[in-house]
Amino acid sequence: AVLAAGPATRFGSPKQLVRLGGAPLVHEMAARAAAVAGQSVTVVIGANASEVAGALRQTAASVVLNRDWEEGLASSIRTAVRTAPSRCDGLLLVLCDQPAVTVDDLRRLYVGWRRHPILIAAALYGGAPGLPALFPSWTFSDLLQLRGDRDVRLVLRRNMDRLVRVPMPNARLDLDSPEDLLQFETGSWQRDAP
């Protein structure tokens, strides 16, 4: 599931529609997820729903509306869990606003999870695990308990002993502002890495 329901308030316009390499960011992130998950990709939309859905017309991704998007990220995670196939063994959660995360990054995450499918596989960056992450079905009830803007890191912290950490420095960059986009386009975010 690609989580793309946020209003992008700090960005100033729908960041899901920012063009990267000629395609809207949400389209590109759905394509990257599909390279790993095949036809089983869902994009959770909310704010600016009609425009974001329009940017996904040329993808095979399913589109699901999160009517509670104003609550924050937790509502999108709950929507992703509720709309996952009933016989789903695991759910890959990808943030739409991490443009530096590559298909190879997502594949490494998937391989890490397939080696230990009873464990959570999470990207490791900035010294802590976070999204993208692949959650086995036993975690779904915990994910459904998240509320407000409570980050999924809460579930990751509770399960540190059941976690495969996949180093992913590319996940460090998220687009919160036009300055972040400029850093991504120029590659300066990599030079500024600690």
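Our subject is the structure listed above.
Everything quoted here is computed from the prediction, not taken from an experiment.

K.L.:
In this structure, what is going on with the sheet that holds strand β1 (residues 2-4)? I would like to understand it.
P.N.:
Strand pairing in a sheet relies on backbone hydrogen bonds, with the paired strands running either antiparallel or parallel. Read from one edge to the other, the open sheet built from 7 strands follows the order β5-β4-β1-β6-β8-β7-β9, with strand pairing classed as mixed. Every interior strand has two partners, whereas the edge strands, β5 (62-65) and β9 (163-167), have only one. Taking the axes of each pair of neighbouring strands and ignoring which way they run, one obtains an average angle of 30° across the sheet. Sheet contacts for helix α3 (residues 73-82): β1, β4 (42-45), β5 and β6 (90-95); angle to β6, the most-contacted strand, approximately 145°. Across the sheet, helix α4 (residues 103-115) is in contact with β6, β7 (120-125), β8 (128-136) and β9; its angle to β8 comes to roughly 60°.

K.L.:
Sorry, what's going on with the nonpolar core here?
P.N.:
Nonpolar side chains in soluble globular proteins tend to be buried together. Residues Val2, Val26, Val43 and Leu56 are the most contacted members of the largest nonpolar core, which totals 36 residues. Looking at this core, the elements that each hand over two or more residues are β1, α1 (25-37), β4, β6, α4, β7 and β9. When residues of this core are assigned to their parent elements, the largest contribution, 6 residues, is made by α1. Among residues more than four places away in sequence, those in contact with valine 2 are Met29, Ala30, Ala33, Val41, Thr42, Val43, Val44, Val94 and Cys96.

K.L.:
Could you clarify how one ought to interpret the pairing of β5 in this entry?
P.N.:
Residues in a regular strand point their side chains to alternate faces of the sheet. When β4 meets β5, the two strands line up parallel, connected through 4 bridges. Pairing of valine 44 across the sheet is with valine 64, part of β5. In this view, the connection linking β4 to its parallel neighbour β5 by way of helix α2 (residues 49-54) has right-handed handedness.

K.L.:
Explain the packing of α1 against α4 here, please?
P.N.:
Helices that pack against each other are described as a pair by the angle of their axes relative to one another and the distance between those axes. One way to put it is that α1 packs onto α4 with a least axis distance of 9 Å and a crossing angle of 35°. The chirality of how α1 crosses α4 is right-handed. Judged by residue contacts, Arg32, Ala33, Ala35 and Val36 of α1 engage Val103, Leu106, Arg107 and Tyr110 from α4.

K.L.:
Mind showing me how you'd approach the side chain of glutamine 98 here?
P.N.:
You can see glutamine 98 is positioned in the loop between β6 and α4. At a separation of 3.1 Å, a polar atom in the side chain of glutamine 98 contacts the main-chain carbonyl oxygen of leucine 131. Excluding its chain neighbours within four sequence positions, the residues that come into contact with glutamine 98 are Met29, Arg32, Tyr125, Leu131, Pro132, Ala171, Leu173 and Asp174.

K.L.:
What is the right way to read the pattern of salt bridges from this model?
P.N.:
As a working rule, side chains carrying opposite charge can pair if their charged atoms are close by. Under the definition given, this model contains 6 salt bridges. A salt bridge links glutamate 28 to arginine 32; its shortest N-O distance comes to 2.9 Å. In this pair, glutamate 28 and arginine 32 both sit in helix α1, 4 residues apart, roughly one turn of the helix. Taking the shortest distance from any N to any O, the salt bridge between aspartate 104 and arginine 107 comes out at 3.8 Å. On the criterion of helical spacing, the pair formed by aspartate 104 and arginine 107 is a turn pair, its members being 3 residues apart in helix α4. Residue arginine 107 is classed as partly exposed on the basis of its relative accessible area, which comes to 41%. A network of salt bridges, in which partner residues are shared, links Lys15, Asp97 and Asp176.

K.L.:
Before we go on, may I ask you to explain the environment of arginine 57 in this structure?
P.N.:
Within the secondary structure layout, arginine 57 lies in the loop between α2 and β5. For arginine 57, a relative accessible area of 66% translates into the label exposed. Sequence separation of arginine 57 and glycine 90 is 33 residues, and the distance between their C-alpha atoms is 26 Å.

K.L.:
Explanation requested: the pairing of β4 in the structure shown.
P.N.:
Residue alternation in β4 divides its side chains into two sets, Thr42 and Val44 and Val43 and Ile45, and both sets are buried. Pairing of β1 with β4, which is carried by 3 bridges, proceeds in the parallel orientation. Bridging from a neighbouring strand, leucine 3 pairs with valine 44 of β4.

Cut-off values and rules
- Residues numbered from 1 in each chain as written.
- Predicted model: local features only at pLDDT ≥ 70, side-chain atom pairs only at ≥ 80, totals over all residues.
- Heavy atoms only, no water.
- Pairing = 2+ DSSP bridges.
- Helix = DSSP H or I, 4+ residues; strand = E, 2+ residues; numbered from the N terminus.
- Axes fitted to C-alpha atoms, helices over the stretch in contact; angles between N-to-C directions.
- Contact = heavy atoms within 4.5 Å.
- Core = buried A, V, L, I, M, F, W, Y, C linked by side-chain atoms within 4.5 Å.
- Buried < 20%, exposed > 50% of the residue type's maximum accessible area, 1.4 Å probe, protein only.
- Right-handed = clockwise from strand over helix to strand, strands pointing away.
- Left-handed = near helix turned anticlockwise from the far one by under 90°.
- Polar contact = N/O pair within 3.5 Å; in protein donor to acceptor, adjacent residues only side chain to side chain.
- Salt bridge = Lys/Arg side-chain N within 4 Å of Asp/Glu carboxyl O.

Keep in mind these numbers describe shape, not what the thing actually does.
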